[in-house]
Amino acid sequence: TIKKEQPQQKTIYVDLNCDLGEGFGIYQNNKEKELIPFVSSVNIPCGAHAGDPIKIMEAIKLAKANTLSIGAHIGYPDIASFGYREMNLSFEELKAMIIYQIGALKAIAASYNMQIDYVRPHGALYRQMTKDAALAISVAKSLEEIDTWLILVGAAGDALNNVQEETKIRVAPEIIINKYYDDDGSILFDEPVEDIEKVLMIATKLVKEGKMISKNGNILDIDFKTIHLCSDSDRSIQIAKEIRGMFPERPVPIAITLVGDHALHQVD
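A short tour of the structure in this document, coming up.

Calculation notes
- Residues numbered from 1 in each chain as written.
- Predicted model: local features only at pLDDT ≥ 70, side-chain atom pairs only at ≥ 80, totals over all residues.
- Heavy atoms only, no water.
- Buried < 20%, exposed > 50% of the residue type's maximum accessible area, 1.4 Å probe, protein only.
- Helix = DSSP H or I, 4+ residues; strand = E, 2+ residues; numbered from the N terminus.
- Pairing = 2+ DSSP bridges.
- Expected span 1.5 Å × (residues − 1).
- Polar contact = N/O pair within 3.5 Å; in protein donor to acceptor, adjacent residues only side chain to side chain.
- Axes fitted to C-alpha atoms, helices over the stretch in contact; angles between N-to-C directions.
- Right-handed = clockwise from strand over helix to strand, strands pointing away.
- Phe/Tyr/Trp six-rings, centres within 6.5 Å; stacked < 30°, edge-to-face > 60°.
- Contact = heavy atoms within 4.5 Å.
- Salt bridge = Lys/Arg side-chain N within 4 Å of Asp/Glu carboxyl O.

1. A few points about the pairing of strand S2 (residues 15–19)
Argument step 1. Counted residue by residue, S2 has five buried out of five residues, so it is predominantly covered.
Argument step 2. Burial of S2 is two-sided: the residues Asp-15, Asn-17 and Asp-19 facing one way and the residues Leu-16 and Cys-18 facing the other way are all buried.
Argument step 3. Relative to strand S12 (residues 226–228), S2 is paired through three bridges, and the arrangement is parallel. Looking across to S12, one finds that Leu-16 is bridged to Ile-227.

2. Focus on helix H6 (residues 196–209)
Argument step 1. Compared with an ideal rise of 1.5 Å per residue, which puts 14 residues at 20 Å, H6 spans 20 Å between its outermost C-alpha atoms and is within 8% of the ideal.
Argument step 2. Within the span of H6, buried status applies to Ile-196, Val-199, Leu-200, Ile-202, Ala-203, Lys-205, Leu-206 and Val-207.
Argument step 3. One side-chain oxygen of the residue at the start of H6 lies 3.1 Å from the amide nitrogen of Glu-197, identifying that residue as Asp-195.

3. Re the sheet that holds strand S6 (residues 151–155)
Argument step 1. Strand order in this closed barrel of seven strands is S2-S3-S4-S5-S6-S7-S12, and the pairing throughout is parallel. With direction set aside, neighbouring strand axes in the sheet form an average angle of 35°.
Argument step 2. As judged from the five bridges shared by S6 and strand S7 (residues 170–176), these two strands associate in the parallel manner. Among the inter-strand pairings, Ala-155 is bridged to a residue of S7, identified as Glu-174.

4. Quick look at the pairing of strand S3 (residues 41–45)
Argument step 1. Extensive coverage of S3 is indicated by the burial of five of its five residues.
Argument step 2. In S3, alternate side chains face the same way, and those of Ser-41, Asn-43 and Pro-45 on one face and Val-42 and Ile-44 on the other are all buried.
Argument step 3. Across three bridges, the pairing between S2 and S3 is parallel. Bridge pairing in S3 links Asn-17 to Ser-41.
Argument step 4. The pairing of S3 with strand S4 (residues 69–74) spans five bridges and is classified as parallel. Across the sheet, the residue bridging to Pro-45 is His-73, located in S4.
Argument step 5. Viewed along the sheet, the connection from S3 through helix H1 (residues 53–65) into S4 turns out right-handed.

5. What about the packing of aromatic side chains?
Argument step 1. For the coordinates displayed, the defined rule picks out two aromatic pairs.
Argument step 2. Here the aromatic rings of Phe-82 and Tyr-84 are separated by 5.8 Å at their centres, their planes lie at 40°, and the arrangement is tilted.
Argument step 3. When the ring of Tyr-126 is compared with that of Phe-189, the centres are 6.0 Å apart and the planes differ by 90°; the resulting orientation is edge-to-face. Pair noted here: Tyr-126 is in helix H3 (residues 123–131) and Phe-189 is in strand S9 (residues 187–192), with a separation of 63 residues, a long-range link.
Argument step 4. Of the residues examined, Phe-189 reaches a relative accessible area of 14% and is grouped as buried.

6. A closer look at the environment of Asn-17
Argument step 1. Note on placement: Asn-17 falls in strand S2.
Argument step 2. Once the C-alpha coordinates of Asn-17 and Ile-70 are considered, the two residues, 53 residues apart in sequence, prove to be 9.4 Å apart.
Argument step 3. If we ignore the near neighbours within four places in the chain, the residues touching Asn-17 are Val-39, Ser-41, Asn-43, Tyr-118, Arg-120, Glu-174, Thr-226, Ile-227, His-228 and Leu-229.

7. Description of the pattern of salt bridges
Argument step 1. Counting across every chain of the model gives 11 salt bridges.
Argument step 2. Asp-190 serves as the salt-bridge partner of Arg-127, at 3.1 Å between the closest nitrogen and oxygen. Here the residue Arg-127 occupies a position in helix H3, and Asp-190 occupies one in strand S9, the gap between them amounting to 63 residues.
Argument step 3. Residue Asp-190 is classed as exposed on the basis of its relative accessible area of 63%.
Argument step 4. For Lys-205, the salt bridge identified is with Glu-209, shortest N-O distance 3.0 Å. Placement of both Lys-205 and Glu-209 in helix H6 is noted, with a separation of four residues, approximately one turn of the helix.
Argument step 5. Since its relative accessible area comes to 35%, Glu-209 is described here as partly exposed.
Argument step 6. Taken together, the salt bridges that share partners define one network made up of Lys-31, Glu-34 and Asp-234.

Given below as structure tokens:
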């Protein structure tokens, strides 16, 4: 008899992340805490675009209580516009801004015996990095001066790939689940996916097959390690709950997604 080779299951690591502590003073997002049961990593603003010492401390305590990985959510120093105004900083200015923010989070985290695993840019900085490879590399080189074990999270694409090739910093490509993607795999920041069923269809394809459905309905191969969940409405909570239900086991923190073949769950 001829032995038939069994089809192998595809192994996939996926992290689910959300922002936590993205407020300032009396201003806060009451929805973000509702996402905690569904994620494995949280992005904590460090006082530039949002966040303050108390909010950072509260976010770290919540992350620790729920065994979540923490990342520095860095942004331009722009409280008034929530970090959504583009800035053109010199390398020294950019480096100082990044080290200042990560230093604040790192010090408070250390007081709770927690450490920062990754860095996720916010708003205008995140957007600019997708189209400006030199800026992405400058951000990574700033991280090198703090800790070469830090992971840089950003939009999947050439700019992030260049970081991997040109610096010592590891990268974790991200999918923002409520945004459309073009046929070339680039994110359409100003085109949100309004239909919940559409979001869930895209998420199912990602989690089950590791593939993205573009705005035009084409199937794309996109390397990604983490999915970003927004926390701006009840709709966001529903989406997060449904996506979390697609995982047979708990999603893994961002650092674990880079381990390699030791996946913690399999996809049929």
